[in-house]
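# Coordinate analysis (summary)
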Amino acid sequence: MPAPYHVIAALAAVTFVLVCIAVVVFSSTLTHLVRQGGNVVASHFSLPDLLTGSTLAIFFIGLMVQSLQRGGGADTSVSVDQLLPAQLFVVAIVAGLAGFLLYRRMSPGRIFGLGAVSFGGTAVLALIFILASMPVVSVTNYLTLLMLRDLANEQELVGLFRELAREQNFSAMMKAFVATVILAPACEEFLFRGYFYGVGKRYLGAFASALATSLLFAAFHLNLASLPGLFVLALCLTAAYERTGSLLVPIGMHALYNLTSLTILYLQAQGRLPGVAS
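Residues numbered from 1 in each chain as written. Predicted model: local features only at pLDDT ≥ 70, side-chain atom pairs only at ≥ 80, totals over all residues. Heavy atoms only, no water.

Further remarks concern the pattern of salt bridges. Inspection of the entire model under this criterion finds 4 salt bridges. Ionic pairing is found between Arg104 and Asp49, a salt bridge with its closest N-O pair at 2.7 Å. Highlighted residues: Arg104 in the loop between α3 (80–103) and α4 (108–111) and Asp49 in helix α2 (residues 47–70), separated in sequence by 55 residues. Note that Arg166 and Glu163 form a salt bridge whose closest N and O atoms lie 3.3 Å from each other. Of this pair, Arg166 and Glu163 both sit in helix α6 (residues 156–167), 3 residues apart, roughly one helical turn. (Salt bridge = Lys/Arg side-chain N within 4 Å of Asp/Glu carboxyl O. Helix = DSSP H or I, 4+ residues; strand = E, 2+ residues; numbered from the N terminus.)

Contact geometry of α2 with helix α7 (residues 170–204) gives a least axis separation of 10 Å together with a crossing angle of 125 degrees. By the angle between their directions, the pair α2 and α7 is classed as oblique. Note that α2 runs across α7; the crossing there is left-handed. Contacts between α2 and α7 pair Leu47, Pro48, Asp49, Leu50, Thr52, Gly53, Leu56, Ala57 and Phe60 from the former with Leu191, Tyr195, Phe196, Val199 and Tyr203 from the latter. (Axes fitted to C-alpha atoms, helices over the stretch in contact; angles between N-to-C directions. Parallel < 35°, antiparallel > 145°, perpendicular 65-115°, else oblique. Left-handed = near helix turned anticlockwise from the far one by under 90°. Contact = heavy atoms within 4.5 Å.)

Okay, the nonpolar core next. Soluble globular proteins tend to pack their nonpolar side chains together in the buried interior. Within the largest apolar cluster, 51 residues are counted, with the highest numbers of intra-cluster contacts made by Phe45, Phe112, Leu191 and Met253. Among the elements of the structure, α1 (5–36), α2, α3, α5 (119–148), α7, α8 (206–220), α9 (227–244) and α10 (248–269) are those that each provide at least two residues to this core. Sort the elements by how many residues they give to this core and α9 lands first, with 9 residues. Apart from residues no more than four positions distant in its own chain, Phe45 is found in contact with Met106, Ile111, Phe112, Gly194, Tyr195, Gly198, Val199, Arg202 and Tyr203. Counting 15 residues, the second-largest nonpolar core is a separate cluster that includes Leu160, Leu164, Ala255 and Leu262. (Core = buried A, V, L, I, M, F, W, Y, C linked by side-chain atoms within 4.5 Å. Buried < 20%, exposed > 50% of the residue type's maximum accessible area, 1.4 Å probe, protein only.)

As a further point, take a nonpolar patch on the surface. A contiguous nonpolar surface patch, about 540 Å² in accessible area, is contributed by Val139, Tyr142, Leu143, Leu146 and Met147. Positionally, Leu143 belongs in helix α5. Judged by relative accessible area, which is 44%, Leu143 ranks as partly exposed. (Patch = residues over 30% accessible without salt bridge, like charges linked within 9 Å, V, L, I, M, F, W, Y side chains within 5 Å. Areas by Shrake-Rupley, 256 points an atom, 1.4 Å probe, with all protein chains shown as cover.)

This paragraph deals with the environment of Leu235. Within the fold, Leu235 resides in helix α9. For Leu235, a relative accessible area of 28% puts it in the partly exposed group. Counting along the chain gives 24 residues from Leu235 to Leu211, while the straight-line C-alpha distance between them is 7.4 Å. When neighbours within four sequence positions are excluded, Leu235 is seen to be in contact with Ala210, Leu211 and Ser214.

To continue, consider the state of the cysteines. One pass over the structure, following the stated rule, counts 0 disulfides. Here Cys20 stays unpaired: no disulfide links it, and the sulfur of Cys236, its closest cysteine neighbor, is 17 Å away. When its relative accessible area of 32% is taken as the criterion, Cys20 is described as partly exposed. (Disulfide = S-S within 2.5 Å.)

Okay, here's the thing in structure tokens:
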């Protein structure tokens, strides 16, 4: 059944506004980065960080290869009871890295610009940047689905949350919320934007590091259909980090992106929004 005219008009209006925001925000950001450079300081990192970052990257790649090999015919479906332990494993890695930096008298708060922007400013900037990112990420996802067709499988977490929403299992949904909206943004941004990108910028340059860490971030989620969209999202997160100099901004963007995705999945499961293949 075709959508009512007022729904189509509202979606068109929202899309137009988001595209305008994207053009203004990212044209301004790219102009600033080209003319004045970024605000991420990478000179703090040294050879120990290069060795540690390279080892961690190889470790993650090994885990991804193992996971893909297990997926060849085995049941790799994820359960809600696996979400928090999996995230706590990443939390442990982040805690270890933070301790490694502190041991060398390198303050993570100073290195990652956690005090560079006020709390209110962080919230506003995160909202603006994620709104600007939505059109290009959405178009990338749509084009990917068109190209992959029957090969496009949704992320296991997406299917899990949709099923939990249908069952209205709110306790399990809360676990998924904590894992994806709180823990994942903080830990993944610390790792990929904060540490990996910072170390890569120190030794490879900003452009090469942005591409490499964005690809690693996208591949980390182990889903072919979402890989291009996550790669583009990661580039947007990196641009926001360089523009603001505060890692809290991409953390806020990441949290808002995941929260929006979960909200859409919930509304679709409840029949309040039309289902969209992902």
